[in-house]
Amino acid sequence: EDLQEIARVRVARLVADWDWPELSVLEDIIALGEAAIPAIQEVLTPELLAATHTDEQASATVYYLAEVLGEIGSPQAIPTIAALFRSVDDDTVEDLLDIAQRLGPEAIDPMLSVVADDALHWYPRAVASEAALNLAGADAARQEHVAAGFREILSGFLARTDLLSDAERDTVATVIGDLAQLADPAARP
């Protein structure tokens, strides 16, 4: 049997048992590794993601699917996790922090792109900012890369300070705080 077909069957079972999926189903999907990612991506439709704002079943389903992607830990999952930041409710976004961090430093740039996304409100941007900061870890080159990304994001806001919405001001405060945590010498006056 084709691994992707097995993955589709297991993912369908997870979706059907959304409120309390069997541990063995989750483990089976994780064991399939990267072969399971397309089956998960097929289920994460725009309709399902939009429903996370009002539907407990949708939220739980997306949560479990995102957790599985985090456990698989493949860079192939990064675009899907970054897209979830742009689509789901705040409770699910909060869970994405840990999940994004499990995907490794390759997730830094996608997290920075979430922070820079003007279409998003403050919270997903703040969580993505924290994820980028945490993904930099103690590595000096990654820290500098994240700091440069934060400075670029801030420069876009500072060019129009008089026009910033409250949510944008909150995003600026978050990015400044995260930049300070990197002990960025360029962030000091």
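Located above this text is the structure these notes cover.
Observations concerning the nonpolar core
(1) Moving on: Ranked by size, the top nonpolar core spans 61 residues in total, and within it I40, L44, I81, L84, F85 and M111 carry the most contacts.
(2) Moving on: Leave out the neighbours within four places in its chain, and I81 touches A66, L69, L96, I99, A100 and L103.

Brief notes about the packing of aromatic side chains
Here a ring pair, both rings aromatic, is described through the centre-centre distance and the interplanar angle of the planes.
(1) Moving on: A full pass over the atoms with the stated rule returns two aromatic pairs.
(2) Moving on: When the ring of Y63 is compared with that of Y64, the centres are 5.2 Å apart and the planes differ by 70°; the resulting orientation is edge-to-face.
(3) Moving on: The exposure class of Y63 is partly exposed, given its relative accessible area of 28%.
(4) Moving on: Between W122 and Y123, the ring centres sit 5.6 Å apart and the planes meet at 55°, which makes this aromatic pair tilted.

Concerning the pattern of salt bridges
(1) Moving on: Applying the stated criterion across every chain yields a total of 13 salt bridges.
(2) Moving on: Between E71 and R102 there is a salt bridge, and its shortest N-O distance comes to 2.7 Å. With E71 in helix α5 (residues 56-72) and R102 in helix α7 (residues 90-102), this residue pair connects regions lying 31 residues apart in the sequence.
(3) Moving on: For R102, a relative accessible area of 25% corresponds to the partly exposed category.

A look at the packing of α5 against α7
(1) Moving on: At a minimum axis distance of 8 Å, the contact between α5 and α7 shows a crossing angle of 10°. For the element pair α5 / α7, the angle class is roughly parallel. Facing S59, V62, Y63, A66, E67, G70 and E71 of α5, the residues of α7 in contact are T92, D95, L96, I99 and R102.
(2) Moving on: Across the contact of α5 with α7, the residue classes break down as five nonpolar, three polar and four charged.

Things to note about the packing of helix α1 (residues 3-16) against helix α2 (residues 23-32)
(1) Moving on: At their nearest, the axes of α1 and α2 sit 9 Å apart, and the two run at 150° to each other. Comparing the axis directions of α1 and α2 gives the class roughly antiparallel. Seen along the crossing, α1 lies across α2 with a hand that is left-handed. Each of L3, I6, A7, R10, V11, R13 and L14 in α1 lies in contact with α2, whose residues at this interface are V25, L26, D28, I29 and L32.
(2) Moving on: Classifying every residue of the contact of α1 with α2 by side-chain character gives nine nonpolar, no polar and three charged.

Rules of the game
Residues numbered from 1 in each chain as written. Predicted model: local features only at pLDDT ≥ 70, side-chain atom pairs only at ≥ 80, totals over all residues. Heavy atoms only, no water. Core = buried A, V, L, I, M, F, W, Y, C linked by side-chain atoms within 4.5 Å. Buried < 20%, exposed > 50% of the residue type's maximum accessible area, 1.4 Å probe, protein only. Contact = heavy atoms within 4.5 Å. Phe/Tyr/Trp six-rings, centres within 6.5 Å; stacked < 30°, edge-to-face > 60°. Salt bridge = Lys/Arg side-chain N within 4 Å of Asp/Glu carboxyl O. Helix = DSSP H or I, 4+ residues; strand = E, 2+ residues; numbered from the N terminus. Axes fitted to C-alpha atoms, helices over the stretch in contact; angles between N-to-C directions. Parallel < 35°, antiparallel > 145°, perpendicular 65-115°, else oblique. Nonpolar A, V, L, I, M, F, W, Y, C, P; charged D, E, K, R; others polar. Left-handed = near helix turned anticlockwise from the far one by under 90°.

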